[in-house]
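Descriptive analysis of the structure
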Amino acid sequence: MLSRIILLPALSALLFTVACRNRPSSAGEGVLLKDITLIDGSGRPARPHVDLLIRGGTVSDIRESGADSSLPEDVQVLDLSGKTVMPVINNTHGHLGILKGTRMSSDNYTRDNIIRQLEQYASYGVGAVLCMGTDQQLIFGLRDSSRAGLLPGARIYTAGFGFATPGGIPAPTNGMDHVNRPATPEEATAQVRKLAPLKPDVLKMWVEGHPGTPAMKPEVYKAIIAEAHRQGIRVAAHLYYLEDARKLVDAGVDIIAHSVRDKVIDDTLIAAMKQRGVMYIPTLALEDLAFIFADHPDWLNTPFFKAALEPGVWEMISNEDYLKKIKADPGYQRHVDALKIAMQNVKKLYDAGITITLGTDSGAQPVRVQGFSEHLEMELLVRSGIPPLQVIRIATRNGAELLHAGDRYGTLEPGKQADFIVLNGNPLDDITRTRAISSVWKAGKKVSDGPVQQ
């Protein structure tokens, strides 16, 4: 009896130690991901059979697997043999809050809806979203809380209230009724000055006109760019046409927020973009999702796609009348041709060394699906001729650089925040393996097992 009493404290201590090593880590503890293949987001080759040590929410060390078996007691070891780890995706062109179900409306723009969408993005491995110009006042407080780590889901970046033309795109009826619409350079300057104290991460303007709608006058967008730069804010332009891109680069625009889709970009424009450091967001998925459902893509019936859909969208896109309408639309061939030109242009810009980032326009329409679109975008970039390793760099490091956050995340290296996706498979063999999500981590903590069971 006495021996049993003496042994009980020792057994209790042993059980406590085992429990400590297997419970979820707190901010001061550590996690070791053992025997992974690491794609660090820098564009450097993948590193097989390495251990990734996380402490205090950041990457502490990366070393050959098994090189040092001694670990502090507060480090939880996870054997992830056969899995690949990459940084989270940074979506530099998305939209928050205005979509719910199949309906776009400013009435949908609530704290709950925004946080729901941020959590969906995160479950798909998206760590940050730059909302491009369709926000309301609510976003700025949420942005600050999000970046301070006080909200779940993807981190918020915002262009605040965008700038468009009276009577032009985007249509206010689509939940985009908080957009500035200056008619003169003087109005544009005043509206930029009013927005500036809210410290938007960039400023967004819609420039081109669609058939039946006016384009923004050069004197107006020049005034927007000039005042934004005086206020220390970069400017992103929504455009379509090569000629608009040429004029905007000459006017000092910082970011081209969609592909040039009417013509192949020429070397003169490329040289001007390089000289001025203009970044390029191709949003290939935008064009693809305008027509691809009628072609019954191979991912259409996958759980990974379906899990991202808003209620009612599956019924809409699987309806034969809807599919026939896509094919019959006079704009069908225009979208097909525009995607081909966009893919040519992004490859040409990549070859020329222009900084390309991933953006999708997800959340701006029901078919531009939040979370799934970002993985589709990577597939389209690979199909454009960009190697998978460099596509991952575009989706991770380059996006963090556009967000002016490259010193904190975007790559997995010592001192950077431990934001990453664990994958069942290697996307360098097949880029669609980014969809095989085992888990998603934010600041060193697992926040999701992915959108579907793998």
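So, how was this worked out
Along each chain, residues carry numbers from 1 onward, in the same order as the chain's sequence is written. Only residues with pLDDT of 70 or above have their local features reported here, since the model is predicted, and side-chain atom pairs are shown and tallied only from 80 upward, although totals for entire chains, interfaces and linings are computed over all residues. Side-chain numbers come from the whole structure's heavy atoms, not from hydrogens or water. Put simply, buried Ala, Val, Leu, Ile, Met, Phe, Trp, Tyr and Cys residues joined by side-chain atoms within 4.5 Å make one nonpolar core. In this scheme, a residue with accessible area under 20% of its type's maximum is buried, one over 50% is exposed, and one in between is partly exposed, where area comes from a 1.4 Å probe on protein chains only. Under the scheme used here, helices are H or I runs from DSSP no shorter than 4 residues and strands are E runs no shorter than 2 residues, and both carry numbers assigned from the N terminus. Whether two residues are in contact is decided by their heavy atoms: any pair within 4.5 Å suffices. UniProt positions are given in the numbering used here, feature names are shortened, and annotations may be inferred rather than shown by experiment. Between any two strands, pairing holds if DSSP finds at least two bridges. Put simply, two rings from Phe, Tyr or Trp (the six-membered ring, in Trp's case) pair if the centres are within 6.5 Å, and we call them stacked under 30 degrees between planes, edge-to-face over 60, tilted for the rest. In this scheme, the term charge over a ring applies when either NZ of a lysine or CZ of an arginine sits within 6 Å of the ring centre and within 35 degrees of the ring normal. The axes are straight lines fitted to the C-alpha atoms, using for helices just the contacting stretch, and the angles between their N-to-C directions are given from 0 to 180°. In the sections that follow, a salt bridge refers to a side-chain nitrogen of Lys or Arg positioned within 4 Å of a carboxyl oxygen of Asp or Glu.

Here we come to the nonpolar core. Ranked by internal contacts, the top residues of the largest apolar core, which has 110 residues, are M205 and F293. By residue number, the principal contributor to this core is helix α12 (residues 332–352), which donates eight residues. Apart from the residues within four sequence positions on either side, M205 is in contact with F163, M216, Y221, I224, I225, V235, A236, A237, H238, L248 and V253.

Per the UniProt record, "domain: Amidohydrolase-related" (unreviewed entry) is annotated on residues 85–447. Across residues 85–447, helical content stands at 38% and strand content at 13%; the span's end C-alpha atoms are separated by 15 Å.

Okay, the pairing of strand β15 (residues 420–423) next. The side chains of a regular strand alternate between the sheet's two faces. The alternating pattern of β15 places F420 and V422 on one face and I421 and L423 on the opposite face, and all of these are buried. Bridging between strand β5 (residues 84–87) and β15 involves four bridges; their strand directions are antiparallel. Bridge pairing in β15 links M86 to I421. For β15 and strand β16 (residues 437–442), the ladder comprises four bridges, and the chain directions are antiparallel. Bridged to F420 within β16 is W441.

What characterises a pair of aromatic rings is the spacing of the ring centres plus the angle enclosed by the ring planes. Taken as a whole and assessed by the stated rule, the structure comprises 11 aromatic pairs. Considering the side-chain rings of F305 and F372, the 4.9 Å spacing of their centres and the 70° angle between planes classify their relative orientation as edge-to-face. Residue F305 is located in helix α9 (residues 303–306), and its partner F372 is located in helix α13 (residues 372–383); the two are separated by 67 residues in the primary sequence. Here the aromatic residues Y124, F293, W299, F304, F305 and F372 are joined through ring pairs into a cluster of three or more. Between R147 and the ring centre of Y157, over which it is positioned, the NZ or CZ distance is 3.8 Å.

Turning our attention to the sheet that holds strand β10 (residues 155–158). Pairing within the open sheet is parallel, and its three strands lie in the order β6-β9-β10. Only two strands of the sheet have a single neighbouring strand rather than two, namely β6 (89–94) and β10. Across this sheet, the average inter-strand angle for adjacent strands is 20°, counted without regard to direction. Taken together, the four bridges between β6 and strand β9 (residues 126–131) define a ladder with parallel strand orientation. When the sheet's bridge partners are listed, G94 is paired in β9 with C131. Sitting on the sheet, helix α2 (residues 111–123) is in contact with β6, β9 and β10, with an inclination near 135° to β9. Relative to β6, helix α14 (residues 388–402) is tilted by about 55°, and along the sheet it contacts β6 and β9.

The next thing to look at is the pattern of salt bridges. Applying the stated criterion to the full structure yields 25 salt bridges. With a shortest N-O distance of 3.0 Å, R55 and D74 are connected by a salt bridge. Here R55 is found in strand β2 (residues 47–55), whereas its partner D74 is found in the loop between β3 (58–64) and β4 (75–79), with 19 residues between them in sequence. The class of R55 is partly exposed, set by a relative accessible area of 26%. The exposure class assigned to D74 is partly exposed, which follows from its relative accessible area of 26%. Notably, a salt bridge pairs D295 with K327, separated by 3.3 Å at the nearest N-O pair. Here the residue D295 occupies a position in the loop between α8 (284–288) and α9, and K327 occupies one in helix α11 (residues 320–328), the gap between them amounting to 32 residues. For D295, a relative accessible area of 35% corresponds to the partly exposed category. Here the salt bridges do not stand alone but share partners, grouping R143, D144, R147 and D201 into one network.

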